[in-house]
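Examining the three-dimensional arrangement
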Amino acid sequence: ETGVTQSPTHLIKTRGQQVTLRCSSQSGHNTVSWYQQALGQGPQFIFQYYREEENGRGNFPPRFSGLQFPNYSSELNVNALELDDSALYLCASSSGLAGADTQYFGPGTRLTVL
Amino acid sequence: QKEVEQDPGPLSVPEGAIVSLNCTYSNSAFQYFMWYRQYSRKGPELLMYTYSSGNKEDGRFTAQVDKSSKYISLFIRDSQPSDSATYLCAIGHMASRAQKLVFGQGTRLTINP
């Protein structure tokens, strides 16, 4: 069974730029959630995708957007980067809404905004 | 007030000690309760999850939930240096159609040999 993978591992961007982060879900999982983890804090829910549709969103502005593909992989896009966007971005997959309580996380992408 | 409160520590104990980690939460609609372990520069790893009040045991780990007090705990028996990590409580509920996890701040634990 393949676990959740994310790319890239690290990324450095400057303010105002745009970034795309990628996630491949665990085999058999069709739900993907994205979280932002600032240094020394717990992860914060950004949004969740189920069967290619966004089905829930946390308190993040519209410049945070996402996609889920037919193979259930996912992208997180952030436009107009701000310094406070520097964080570890985590992707978690789960197997459908009925079992989506058990979310399995990838290793994360560490984004630094200068 | 944060939805989930967790003492950030840091917590440092000798090898073999019993460790107690705790979280409180404010929303009685929360439905399920989890503990994750996060090593430095890694993603969170699921340790325990439960839906109901009471105790759930898995090896050296025991998760305890008291819904009436909105209080959850994780106990680690016979702690090992390899248990040194940040421990995150996570509480889940349905937000619209999404299964949303709300995390505590994390407690940084060090087990000293």
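Conventions and cut-offs
- Residues numbered from 1 in each chain as written.
- Chains lettered and ligands numbered in written order.
- Predicted model: local features only at pLDDT ≥ 70, side-chain atom pairs only at ≥ 80, totals over all residues.
- Heavy atoms only, no water.
- Disulfide = S-S within 2.5 Å.
- Helix = DSSP H or I, 4+ residues; strand = E, 2+ residues; numbered from the N terminus.
- Buried < 20%, exposed > 50% of the residue type's maximum accessible area, 1.4 Å probe, protein only.
- Salt bridge = Lys/Arg side-chain N within 4 Å of Asp/Glu carboxyl O.
- Pairing = 2+ DSSP bridges.

Now for the state of the cysteines. Residues and elements named next belong to chain B. Applying the stated criterion across every chain yields a total of two disulfides over all chains. A disulfide bridge connects Cys23 with Cys89, and the sulfur atoms are separated by 2.0 Å. Classification of the bridge connecting Cys23 and Cys89 rests on its S-S torsion, roughly -100 degrees, and on that basis the disulfide is left-handed. A residue pair is termed long-range when its members are at least 10 positions apart, and Cys23 in strand 3 (residues 19–25) and Cys89 in strand 9 (residues 85–95) qualify at 66 residues. Cys89 shares its class with Cys23; the two are buried.

Residue and element names in this part refer to chain A. Applying the stated criterion to the full structure yields seven salt bridges over all chains. Between Glu75 and Arg22 there is a salt bridge whose closest N-O contact spans 3.5 Å. Residue Glu75 is found in strand 8 (residues 74–78), and its partner Arg22 is found in strand 3 (residues 19–24); the two are separated by 53 residues along the sequence. We classify Glu75 as buried; its relative accessible area is 15%. Of the residues examined, Arg22 reaches a relative accessible area of 41% and is grouped as partly exposed. Among the ionic pairs, Arg63 bridges to Asp85, the shortest N-O distance being 2.8 Å. Taken together, the positions of Arg63 in the loop between strand 6 (53–57) and strand 7 (64–68) and Asp85 in the loop between strand 8 and strand 9 (87–95) put the pair 22 residues apart, joining distant regions of the chain. The pair Arg63 / Asp85 is uniform in exposure class, with both members buried. Salt bridges sharing common partners tie together Arg63, Glu82 and Asp85.

Our focus in this paragraph is the pairing of strand 5 (residues 44–50) of chain A. Residue and element names in this part refer to chain A. Where burial is concerned, most of strand 5 is hidden: five out of the seven residues are buried. Of the strand pairs in this sheet, strand 4 (residues 31–37) and strand 5 are connected by six bridges, and their pairing is antiparallel. Looking at the pairing, Ser33 lines up with Gln48 of strand 5. Hairpin remark: strand 4 followed by strand 5, antiparallel, with six residues in the connecting loop; positive phi at Gly40, about 80 degrees. Direction of pairing for strand 5 relative to strand 6: antiparallel, over a ladder of four bridges. Within the sheet, the bridge partner assigned to Gln48 lies in strand 6 and is Gly56.

It is worth stressing that arrangement in space is one thing and function is another; only the former is reported here.
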